[in-house]
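# Structure at a glance
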Amino acid sequence: MGTTDYALRPVPQVLTHEIHQPRTTKKWLDWVMTTDHKKIGIMYLVLTFVFFMMGGVEALLMRTQLSVPNNTLISGEHYNELLTLHGTTMVFLFVVPVMAGFGNYFVPLMIGARDMAFPRLNALSFWLLLAGGIVFYASLLWHPPEAGWWSYPPLSSKQYSPSGGQDAWIFLIHLTGISSLVGAINFYVTIVNMRAPGMSWGRIPLFIWTILIYSVLLIIALPAVGAAVTMLLTDRHFGTHWFDPTDHGSPVLWENLFWFFGHPEVYIMILPGFGMISEVLPVFSRKPIFGYKAIAASTIVIAFLATLVWAHHLFTAPIPIVVLAFFMLSSFLIGIPTGVKIFNWIATLWRGSLVMTTSLYWAIGFIGIFIIGGITGIFLAVFPVDWQLNDSYFVVAHFHYVLMGGAVFAIMAGTYYWYPKMTGRMASERLGKASFWVTFIGFNMTFFVQHALGLSGMPRRIYTYQPDQGWSTYNLISSIGSYILAAGIIMSCWNFLWSFKHGKISGPDPWKANTLEWFTTSPPPPNNFDTIPRIRSVEPMRDIRREIEIQTGVMQKNGGTEQFSRPQPVAAEHS
Amino acid sequence: MAIGASLVLAPEALANCCTVKAGGSPNANSIKTLYEIIFGIAVLVFLIVEGALLYAVFRFRASKHPVADQIHGNTRLEISWTVGAAVILVVLTVVTFIKLPSIIDAPNSNANADEVLSASLTAPNPPNGHKLTICVLGRQFIWRYTYGNDCNKQYFNDRLPYSFQEMYVPAGETVDLLIQSSDVIHAWWVPSLGGKVDAVPGYTTYTWFKALKAGALYHGQCAQLCGRQHAFMTALVKVLTPTQYTAWIKNQTTLIEEQNDQVATLRRNLAQQGEPTESF
């Protein structure tokens, strides 16, 4: 018995009806010209997953190079290019825009709107992202950038990085930056103005809260990096000396500007993931989210503190001790709202009735892994300890635990959760769970040992190492793990492709979920909803189902909770 | 599982599986103690939170717990875990500030250590002012050490001894490092002798160590991406007894003088032959 069979139970549904005539008969032209948030969302998701695969291949090449000491597979030059491509791709072309992809698809649906506030701006933000990706990857044909995704000057200056790859990187930051900015403004305006009647701030889904805060943080952080890369561009080509130490410029200025963007960016990448987890857990626990207000408030507190912690990336830079102490304390503080979220998620599972779907597997995996990433973050916040750990493999392990194990696991949970809504078909649960276990094992094998590598003194971004350092075994384990991890991710991607044609038809609400997107058909029609119900709680779909049950005379046992539980084997045989 | 695999495969590497490197200098040892205190608290928090998560996942599956309790929250619980998290962080803050002086303040050199050339800026200064100052200059892709110099660029006028990549220091003497870069950003890091410090062009940064064991050899390498051969920008610190160190300095000075003389002669000859000379 699959865990999704309860989806087939006959529960009355309110459905919408498609009323739309396509503008053009050519399907591809329809996609190119579309301003429909759902189509744009799909394009975002597909494109960002393609970039995810490319970043993954770059990571595998690096891990292969590091699997044995003194490896000559990849030269120092190409290794630096790979690490720059990998970091930039994953941050600017995958994690940030994939969240915008989910936001695009689900913000209007979850708040009961027909589209985003500015549909054409929405299309612009997608095409700018694609342009950024093309500009950046075109540098592969000439000379990719090799100064790392931070591009610290003077290494990124004309003198030390003369190739146009660095300029391609700058262009990418500008294009994806504008893409994210207009996207963020669009989300903000949509969420503030276009909510369904009755959906007050205390009733918007937690995913919407996180997309709102994601937008605000993007609006705060992106101008800083936009300014910084413009200054780098003028330094490189137009004779300015912002970051040139030989002419009264300062590389530390870049470090501050970059990380003033860079740290909020970390929360930009993870907050929507938190939102997805906050949607998935209550649905599959068959229980309301524990502490809705605390989770929403902690999101806001994290966003506020996120703008005050950037210099914890600069603990080894020339900065006075008192400043380091300030940034240690502010970084500590951000641990509190993050901890509150984790406790609330565990409390949501507590005394629930867990339906162990693939989506919930990924969500629980996310919590388990994110706890480790959060704890190692505390080590790094203590600046004297950071002096040992900074720029070592410990840091690499830490941020892969929060971004790969955190954001990516959340993205997987979200994809499995919303796949039926987006495609109208169920993804294979069996393959999904297998993919989860392979990914989970591969992920921990790859990154857990990297903590030990950092503690043994291995700096990050070195393309090879000597056998007498005692790093060889850990590196080999990590490299083998990375291939297992890749296999797990590929299984899920295959699952999404295969199920698109062959998955079971899902119906409008296969999970018996809580939020408004499940009120419409799967996939939703272009106008989303014919009628928009009045919202009376944070779980409108539960209210609707309950109302229908009362009207149709279905008995309400235990306050109606029995319908959210997995059917007992005996009952299932009858159906 | 990964831990299990590494336990089986890597007994020789386990020395540094779980704590930072130390043993060469008091500041590194203090960082290690601080790390281990945090590690202890972290393991406790890890076990409690992951334990609660796993318990919830196994205990409250639909098959074992078919009816979910419809709980929306609990203010008292929310407040208590917020305060609980805050208390842990206050403890960590207090511990950090207790350990901080032993990490950043340079101690006195041992009484039996010889007085060597010294200088001072805002660099760390032992209470009795008894120390060795070394100017560490990073450049692609090698470290240059000038002994007895506060990076005032008078190396050649003062005819100071210097060395590349391998640093020689006397045991028991507090060694001040003034760290600069002449091209891109590098980072000085010898794990057993303390934390890392960025070498930023246009800035001077400081750190110190006091090597405890004569005869020891410490490995380190540049920790900030500095270009294509970043992986080979290594540093070795050899600890000598004070007598050996004085002898080494003397020898190194003589060697440098000899080389300088040879270069000067060569240059004079070239100048006489009419070759263009390069100014250094």
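Just so it is clear, the model here is predicted, and its values are computed rather than measured.

On to the interface of chain A and chain B, then. Of the residues lining the interface, 83 residues belong to chain A; the matching set on chain B comes to 78 residues. Those elements that provide at least two residues to the side of chain A that touches chain B are helix 3 (76–111), helix 7 (251–285), helix 8 (292–306), helix 9 (321–349), helix 10 (358–381), helix 11 (383–389), helix 13 (429–455) and helix 14 (472–502) of chain A. The element best represented in the side of chain A that touches chain B is helix 9 of chain A, accounting for 11 residues. Residue classes in the side of chain A that touches chain B are distributed as 49 nonpolar, 26 polar and 8 charged.

Moving on, we come to the sheet that holds strand 5 (residues 174–181) of chain B. Sheets are built from strands paired through backbone hydrogen bonds, the pairs being either parallel or antiparallel. Residue and element names in this part refer to chain B. The strand order 3-2-1-5-8 describes an open sheet built from 5 strands, whose pairing is mixed. Two strands in the sheet have a free side with no partner beyond their single neighbour: strand 3 (162–164) and strand 8 (205–210). On average, adjacent strands in this sheet sit at an angle of 25 degrees to one another, irrespective of strand direction. For strand 2 (residues 142–147) and strand 3, the ladder comprises 3 bridges, and the chain directions are antiparallel. Of the residues in strand 3, the one forming a bridge with Arg-144 is Phe-164.

Next up on the list: the environment of Ser-156 of chain A. All names here are of chain A. Looking at the element boundaries, Ser-156 is found in the loop between helix 4 (119–138) and helix 5 (165–193). Spatially, the C-alpha atoms of Ser-156 and Ala-131 are 22 Å apart, while their sequence positions differ by 25 residues. Leaving out residues up to four positions away in the same chain, Ser-156 has contacts with Ala-147, Ser-151, Ser-161, Gln-166 and Leu-232.

Moving on, we get to the confidence of the model for chain B. All names here are of chain B. Taken as a whole, chain B shows an average pLDDT of 85; of its residues, 86% reach a score of 70 or greater. Counting contacts from residues 114–121, a segment whose pLDDT is below 50, to residues more than four positions away or on other chains yields 16 contacts. Model confidence for the complex is summarised by a pTM of 0.90, with the ipTM given as 0.88.

A word on the environment of Met-231 of chain A. All names here are of chain A. Inspection of the secondary structure puts Met-231 in helix 6 (residues 206–237). In this structure Met-231 comes out as partly exposed when scored by C-beta crowding, with 19 C-beta atoms within 10 Å. Along the chain, Met-231 and Arg-286 lie 55 residues apart, while their C-alpha atoms are 52 Å from each other. Once residues lying within four places of it in the same chain are set aside, the contact partners of Met-231 are Thr-240, Trp-242 and Phe-243.

For the rest of this paragraph, the subject is helix 6 of chain A. Residues and elements named next belong to chain A. For helix 6, with 32 residues, the first-to-last C-alpha span of 45 Å sits near the 46 Å given by 1.5 Å per residue. Its maximal kink placed at Ala-221, helix 6 deviates by approximately 30 degrees, while the proline Pro-223 follows within four residues. The first or second residue beyond helix 6 is Gly-239, which carries a positive phi of 75 degrees.

A separate point is the packing of helix 7 of chain A against helix 8 of chain A. The description of two helices packed together rests on the angle between their axes and the distance between the axes. All names here are of chain A. At a minimum axis separation of 10 Å, helix 7 and helix 8 run at an interaxial angle of 170 degrees. In terms of their interaxial angle, helix 7 and helix 8 are classed as roughly antiparallel. Here helix 7 contributes His-263, Pro-264, Tyr-267, Leu-271, Phe-274 and Ser-278 to the contact with helix 8, which in turn contributes Ile-295, Thr-299, Ile-302, Ala-303 and Ala-306. Considering only residue class, the contact of helix 7 with helix 8 consists of 8 nonpolar, 3 polar and no charged.

Right, let's get into the domain arrangement of chain B. All names here are of chain B. By the assigned domains, chain B splits into domain 1 (2–104) and domain 2 (132–272). Inter-centroid distance (C-alpha atoms) of domain 1 to domain 2 is 39 Å. Each partner contributes residues to the interface: domain 1 has 10 residues there, and domain 2 has 12 residues. Classifying every residue of the side of domain 1 that touches domain 2 by side-chain character gives 5 nonpolar, 4 polar and 1 charged.

All names here are of chain B. The sheet built from 3 strands is open, its strands ordered 4-10-9 with mixed pairing. Among the strands making up the open sheet, the edge pair consists of strand 4 (166–170) and strand 9 (217–221). Ignoring which end each strand starts from, the neighbouring axes of this sheet average 25 degrees apart. Across 5 bridges, strand 4 lies against strand 10 (residues 234–240) in parallel orientation. For Val-169, the partnering residue across the bridge sits in strand 10 and is Val-239.

Criteria and thresholds
Residues numbered from 1 in each chain as written. Chains lettered and ligands numbered in written order. Predicted model: local features only at pLDDT ≥ 70, side-chain atom pairs only at ≥ 80, totals over all residues. Contact = placed C-beta atoms within 7 Å. Helix = DSSP H or I, 4+ residues; strand = E, 2+ residues; numbered from the N terminus. Nonpolar A, V, L, I, M, F, W, Y, C, P; charged D, E, K, R; others polar. Pairing = 2+ DSSP bridges. Axes fitted to C-alpha atoms, helices over the stretch in contact; angles between N-to-C directions. pLDDT = per-residue confidence, 0-100. Buried ≥ 20, exposed ≤ 12 C-beta atoms within 10 Å, placed from the backbone. Expected span 1.5 Å × (residues − 1). Bend = angle between axes of the 7 residues up to and from the residue. Parallel < 35°, antiparallel > 145°, perpendicular 65-115°, else oblique. Domains from an automatic or database assignment.

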